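# A closer look at the structure
Here is how the chains run, residue by residue.
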Amino acid sequence: MTRRSDATRAAILKAARVRFAEDGYQRATIRAIAADAAIDPSMVMRYYGSKERLFAAAVDIDLRMPDVSELPPERIGPELVRHWVRRWEEDPTGDVLLTLLRSAATDETVAERVRDVFQEQIVPIVLRLSGGDRAEASQRAGLLATQMLGLAMCRHILRIPPVAAMTTETVVERVGATVQRYLTGVL
């Protein structure tokens, strides 16, 4: 049986994710999040203590990066692109990564969280692919990030028509080749 406090926490986090996605970190308010969760604002503060801590809980993200160690080296780029596109297209309004991306350009707190996710979850994968050379892995991971975050921005936030209209397979084919070059090609 779910305790009432667990249900309240879940409702707050759900409302916070939606509100941060819609309004960004700066404009989202505790009062609006509480209203969305149909609770008193004091409950948000009781469970999370501050807007900053609520944001940290709401954007605690696991990219669920695939294990690429079993893939042929020439398929890693396309498979990473496929993984990211699936993440965004499962539920674009609820994807925490898109929430972060919407706010990162205007809020240093959010930008720092994006950098942390990059450092913790992307660099280690690329480090394994590049044979342990940290400087090279960081450059390759950074280039990977330019493609994936740029794709997310153009396809799901700005909805640039030709990019938004592409099928998943077309995106995987076209962007995957570039990501593949960034991961395994000559820099």
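Residues numbered from 1 in each chain as written. Predicted model: local features only at pLDDT ≥ 70, side-chain atom pairs only at ≥ 80, totals over all residues. Heavy atoms only, no water.

## Observations concerning the pattern of salt bridges
Applied cut-off: Salt bridges are defined by distance alone: a side-chain nitrogen of Lys or Arg within 4 Å of a carboxyl oxygen of Asp or Glu. Each helix is a run of DSSP H or I of at least 4 residues and each strand a run of E of at least 2, with the numbering of both proceeding from the N terminus. Three labels apply to residues, based on accessible area from a 1.4 Å probe with only protein chains included: buried if under 20% of the type maximum, exposed if over 50%, partly exposed otherwise in between.
Evaluation of the coordinates by the stated rule reveals ten salt bridges. Put simply, R155 and E89 hold a salt bridge, and the shortest N to O gap is 2.6 Å. Of this pair, R155 sits in helix α8 (residues 134-157) while E89 sits in helix α5 (residues 76-90); the two residues are 66 residues apart in sequence, bridging distant segments of the chain. What makes R155 buried here is its relative accessible area of 7%. Residue classification places E89 among the partly exposed positions, given a relative accessible area of 31%.

## Concerning the nonpolar core
We apply this condition: Nonpolar core, defined: a set of buried Ala, Val, Leu, Ile, Met, Phe, Trp, Tyr and Cys residues in which side-chain atoms within 4.5 Å join the residues together. Contacts are assigned to residue pairs that have any heavy atoms within 4.5 Å of one another.
Counting 55 residues, the largest nonpolar core has F20, L54 and W88 as its most contacted members. Of all the elements, helix α7 (residues 108-129) adds the most residues to this core, at nine residues. Setting aside anything within four residues of it in sequence, one finds W88 in contact with D95, L97, L98, M148, L151, A152 and H156.

## Considering the side chain of S50
As a reminder of what qualifies: In protein, a polar contact requires one atom able to donate a hydrogen and another able to accept it; more generally it is a pair of N or O atoms within 3.5 Å, and residues adjacent in sequence count only if both atoms are side-chain atoms.
Within the fold, S50 resides in the loop between α3 (41-48) and α4 (51-58). The exposure class of S50 is buried, given its relative accessible area of 18%. A distance of 3.1 Å separates a polar atom in the side chain of S50 from the backbone nitrogen of R53.

## With respect to empty space enclosed by the protein
Put simply, the rule reads: In the cavity and pocket records, a cavity denotes points on a 1 Å grid over the protein atoms alone where a 1.4 Å probe fits but cannot get out, a pocket denotes an open set with protein on both sides within 12 Å along at least 5 of 7 lines, and lining residues are residues with an atom within 4 Å of a point. Grid points are joined across faces, edges and corners, and a volume is the space filled by probe spheres set on the points. Only Asp, Glu, Lys and Arg are considered charged, only Ala, Val, Leu, Ile, Met, Phe, Trp, Tyr, Cys and Pro nonpolar, and every remaining residue, Gly among them, polar.
For the coordinates displayed, the defined rule picks out one cavity of 30 Å³ or more. Considering every element that reaches the lining of the largest cavity, the biggest residue donor is α5, with four residues. Here the residues of the lining of the largest cavity are counted per class, giving four nonpolar, one polar and one charged.

## Brief notes about the packing of aromatic side chains
What characterises a pair of aromatic rings is the spacing of the ring centres plus the angle enclosed by the ring planes. Worth spelling out the cut-off: Pairing of aromatic side chains here covers Phe, Tyr and the six-membered ring of Trp, requires ring centres within 6.5 Å, and sorts the geometry by plane angle: under 30 degrees stacked, over 60 edge-to-face, intermediate tilted. The rule for a charge over a ring is simple: NZ of Lys or CZ of Arg within 6 Å of the ring centre, and within 35 degrees of the ring normal.
All chains considered together, the criterion is met by four aromatic pairs. A centroid spacing of 5.0 Å and a plane angle of 90° characterise the contact between F20 and F55, whose relative ring orientation is edge-to-face. One end of the pair, F20, is in helix α1 (residues 4-27); the other, F55, is in helix α4, with 35 residues separating them in the sequence. For F20, a relative accessible area of 0% puts it in the buried group. Of the aromatic side chains, those joined through ring pairs into one cluster are F20, Y25 and F55. In this structure, R46 is placed above the aromatic ring of Y47, and the distance from its NZ or CZ to the ring centre is 5.4 Å. Its guanidinium or amino end placed over the ring of Y25, K51 lies 4.6 Å from that ring's centre, counting from NZ or CZ.

## Remarks on the packing of α5 against α8
Applicable threshold: Between N-to-C directions, angles span 0 to 180 degrees; the directions come from axes that are lines fitted to C-alpha atoms, helices contributing only their stretch in contact. Crossings are classed by handedness, with left-handed meaning an anticlockwise turn of the near helix from the far one by less than a right angle and right-handed meaning a clockwise turn.
Here α5 crosses α8 at 35°, and the two axes come no closer than 11 Å. Seen from above, α5 lies across α8 with right-handed handedness. For the pair α5 and α8, contact is made by L80, V81, W84, V85, W88 and E89 and by L144, M148, L149, L151, A152, R155 and H156, respectively. Residue composition of the contact of α5 with α8, by class: ten nonpolar, one polar and two charged.

## A closer look at the environment of A15
Among the structural elements, A15 can be located in helix α1. Aside from chain neighbours lying at most four places away, what touches A15 is I33, D36 and A37.

## What to know about helix α10 (residues 168-184)
Using the following cut-off: How far a helix is expected to stretch is found by multiplying one less than its residue total by 1.5 Å. Working definition for bend: take the seven residues up to and ending at a residue and the seven starting at it, fit an axis to each, and measure the angle between the axes.
Between its first and last C-alpha, α10 extends 23 Å over 17 residues, near the 24 Å set by a 1.5 Å rise per residue. The principal kink in α10, of about 35°, is found at G176. Buried positions along α10 lie against α5, α7 and α8.

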